[in-house]
Structure formats: C-alpha cells, structure tokens
Amino acid sequence: MREDMRKLSREKTKTQFVAYTLYVQGNIPTDLVGEFFRNGANPVFVPRGGHHWFDGDGMIHGVRLQADGNVNYVNRYVDTYRLAMERAVGGSLFPRIGEMKGWTGLAKLIFNGIKGSLGLLSASRGSGSANTAVQFHNGKLLALVENDEPYALKIINDGYFETMGRLTFGGKIGSTFSAHPKIDPETGEMLTFGYSVNKKPFCVYTVISEDGKVKSSIDIGLKTPVMMHDFAITKNYSLFLDFPLEFHPKDMVQKGFPFKFVDRPCRIGVIPRHASSAADMRWFEFAPGYTFHTLNAWEEPETNSIVLYGCHSNRVFLDSFMDNAEYLPGEGLPFLHEFRMNLETGETSERRLVVDEENGHLFGEFPTINPQRQGLPTRYGYVATATIPESGRFTAEFEGVAKVEITGGEGADVRKVGEITYGPGKFGGEAVFVPKVGGESEDDGYLLTFVFDENTEQSQFWIMDAKNMSPDPLAIIDLPQRVPYGFHGIWVSQDQIDSQEPL
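Taken together, 4 strands build an open sheet; the order of strands is S14-S15-S18-S19 and the sheet is antiparallel. The open sheet terminates on both sides in strands that have one partner only, identified here as strand S14 (232-233) and strand S19 (282-286). Note that strand S15 (residues 237-242) and strand S18 (residues 266-272) share 6 bridges and pair antiparallel. Its bridge partner being in S18, Leu-241 is matched across the sheet by Ile-268.

Spelled out as structure tokens, the structure:
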C-alpha cells in the first residue's frame, strides 16, 4: 500500500482545474494577500523512451489568498511553442532527458537538429518546457527552464493565470535563460545566465535592469560544456559553478548518459557584477562534487572573503533521477555545505556543515531564504529535509523543513534551530519564505508549500510560521485535486499583481 501511494504521489496530472472559496483549517495571516505559484514537470504525452524526473511540460499550480479571506486554486499548463507543436501532431516531437541514452537517444538528437534545419521546427521560437521555476520581475510572472528563454504569464485577480508569450529581451541576450535568476533586493536588477552544451559560448552572464532592459551580456569563458543549474550573487559579485557534470555525447554510443560526472576539481568563478568581459573572472578550486541549488552568498569585508552556502553532494548521477535507474547507494546525497574564497590570498576552504549533535550533517535540498537578503549576509536559511533512505538513493520525498542559523564569520557556527515535520505518510517540497509585512527580524515571516498526505490521498497547501517553527501550521487548505511533486515556487504579493505589465 505504501509503495502504491508513493507511486500515486509522483504521478502527473493532466487536469487543468479552477476551484473557488476553499475550506481553510486555522487562520490565514491577514498580511498574506496575493498568490503562491509552484512549477513542475507534467508530460502531456508519454515519453517513448525512459522517463526522467526533469522531463515534462510546465504545469503551474496557484493558490490565491484574497483580502476577504477567500482562497482559490488554479492549475494551468504553460502554453509553450514546444507544447503547441506536440499537441498539433498528437505526440512527442522534442528530445527528453530520459531518452538520451544509447544509439536511439543519439539519433533523436541528430534528427531533431535535421527537423530544425528543414524548417519543420523553429529554433527561434524555442524548445523549452518552462517546467522548473517561477520568478517575478518588471511586472511579469516568468515561467522558467534552463534550455530556453522565459514565458511571461498574466495573473487575473481571482487567481486564474494565462500565458502571454515568450520573453526574448529583444534578442539581446544570445543564450538560454537560467531557471534560477537572482533579484537584487536593493537595485531591483535581475541577474541570470544561460549555458549551452553543444556550441560556444558555453555560458553567458546577463544583467537586466529593474525595468527589464539588458544592461550587459558576456561570455564568461568556460572551456568545457557543463550542466550549471544554479549560481549565486553578492552585493558586488556574481558566482558561477563550473562543477564536473560535463556533457559527453559520445558516451551515448556505449548506452551511457551524455551528462557525465568526471573526477576533476569544482571551480567557482567570481566576477564583478558589471564586468565587461571574462578577463575580470577569478576561479577558485575545490574538491570534486556537485551543487544543484545554492542557499545564498555574501561578502565578508573583515576577511576580504566571499562565502557561499548550498546543498552539495560528493558526486552526482543525473540518470539516477530516472524511473528504474541504477545507482550507487549513498552517492549523490545532498548536504548543507560551505565554500569560502579569500579574494586577497586566493585561498579556499570548504566543509560539510554539522548542524546538530544528534544527527550531524543536514541532509536535504531546495534551500530558501528571506528574498530580502539575496546576496547579503544571511542569518537564517530553510532546507527541505528527509530521512536518509536505507537504499541510499535520493528520492526527493521531503518529510519536513529545517531552519538553520548562521552566526559569525570564518568557522561560523551553523546550527539547526527548528524543524517542522509534516507527519507520517506526508511529504512536501520546497518551502518558500514570505516576509511578514512590517516584520522586525529576518526570520519574521511564513513558509509556504504543498503537502501530499498518502494516508488520505489528499493534497494540501500549508502556511507555517518561519520565526517560531511551530509544528502546528497557521493554516491548512485542502485542495480539490492531487498536486504532484514538483520543483520551485514563489509568492507574488497583491502589490506585484497590481503592478503587472504587458509582454
């Protein structure tokens, strides 16, 4: 029964649903007026090859909290060019990550390129699924995936939303767009990057002004194509993760996966925010490993250093996220990690963080912070947590969320100061931090996430107190349909909804 329910919770839903005036257990804080959005992969058409967790069309689930206390739920597919073309032919057209194995996968990549050269598919209109994350900038809600440019969505006042179109920035970027752009809380700038695995430049770094204009876009000078899922910013610098998950398509001939973890050092590149070329980049080396997601980074003037926190594993196997994948027990498990770089001496240090005496290291993923501290010294962070499975395989079934406190500089004390668990048979995802209106401290706010209860087959929306980390949520809202596991979310306030701009 348990495994059947686990399978159900991972299955996708194709139903697009709108429900109004949902029942609320508890009390929704009066300053939470706006909408929570969370993105995830939901394939409209069944993949012909193997299925990978990252595969699928972008489906966004929204929970609208209105000023009068009413709660609405909406979920919609992002209407991408990719989805429109596949719906037109009634089947899969574009390569999936799960299909990138062996001669068949290699042939599909080649055939897809031929279709583009013959004009059967338009490369200029993109091939992305917009399934990974959401961000709000310059009056637009953006649906993001790292192999395409963003899709802009329009939010209707009752919570309904619709796709406006693909945001190309007038063709001034010249690369794809990260699923994890960073918004500077002081300048309003959006900093992003795009990577390529089949042609140079392998990574382009872009700075976009508060009003949506491209200020700069430069090649950072990568020599080898790598999967770079996330990066980080500080007040004056941007940090790039040249970690050894490299693209080797020849491995597909041996039935391997094209993204291969190789035994070489990790490199973190530090470049001034408004640099004009890769000549301004400095690279710092660390032990081999991989970081999917960063917590935050900031400058420490007293030691002329930069510190970066993230969820880091000693190795990574991208094909371990496929159904029926083979894997090495214990390999690829992410833990909270610290990297330090001295800008004066070039010295580096790193450590896997011990956050409590009982359990030691913090095993988890999807780290979040108060967005008002992006790129600035941060005292509190939140990590989706799980029990290390007996199999040793990372399954992304999160049982709760932990709060960590970071104090001091080099050799800082990092400890767990709170944890909320969802209960037996309940699993959640990324916990999005929303600052309390008029809050007096960095942790004064709320944590929002979807939780699936396998005991009742019920999906819920939870609102938790991020300051005191009470085990009892402030409010729980039962949802009218199952919300599958997904990726990243965001809170959009009423003021932001009111500020929306056309494409």
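What follows covers the pairing of strand S23 (residues 348-352). In the sheet, strand S22 (residues 335-342) pairs with S23 via 5 bridges, with the strands oriented antiparallel. Across the sheet, residue Glu-338 finds its bridge partner in S23, namely Arg-351. A loop of 5 residues connects S22 with S23, the two strands running antiparallel in sequence, and Gly-346 in this loop sits at a positive phi of about 80 degrees.

For the coordinates displayed, the defined rule picks out 21 aromatic pairs. Pairing Phe-243 with Phe-339 gives two aromatic rings, centres 6.1 Å apart and planes at 50 degrees, and the pair type is tilted. Of this pair, Phe-243 sits in the loop between S15 and strand S16 (245-247) while Phe-339 sits in strand S22, placing them 96 residues apart in sequence. Classification of Phe-339 by relative accessible area gives buried; the value is 1%. Seen in terms of ring centroids, Tyr-422 and Trp-462 are 5.2 Å apart; in terms of plane orientation they differ by 90 degrees. Their pairing is edge-to-face. Of the two residues, Tyr-422 is situated in the loop between strand S29 (413-421) and strand S30 (426-427) and Trp-462 in strand S33 (residues 458-465); the sequence distance between them amounts to 40 residues. In this arrangement the basic side chain of Lys-403 is found over the ring face of Tyr-380, its NZ or CZ atom lying 4.5 Å from the centre.

Definitions and limits used
- Residues numbered from 1 in each chain as written.
- Predicted model: local features only at pLDDT ≥ 70, side-chain atom pairs only at ≥ 80, totals over all residues.
- Heavy atoms only, no water.
- Pairing = 2+ DSSP bridges.
- Helix = DSSP H or I, 4+ residues; strand = E, 2+ residues; numbered from the N terminus.
- Phe/Tyr/Trp six-rings, centres within 6.5 Å; stacked < 30°, edge-to-face > 60°.
- Buried < 20%, exposed > 50% of the residue type's maximum accessible area, 1.4 Å probe, protein only.
- Lys NZ or Arg CZ within 6 Å of the ring centre and 35° of its normal.

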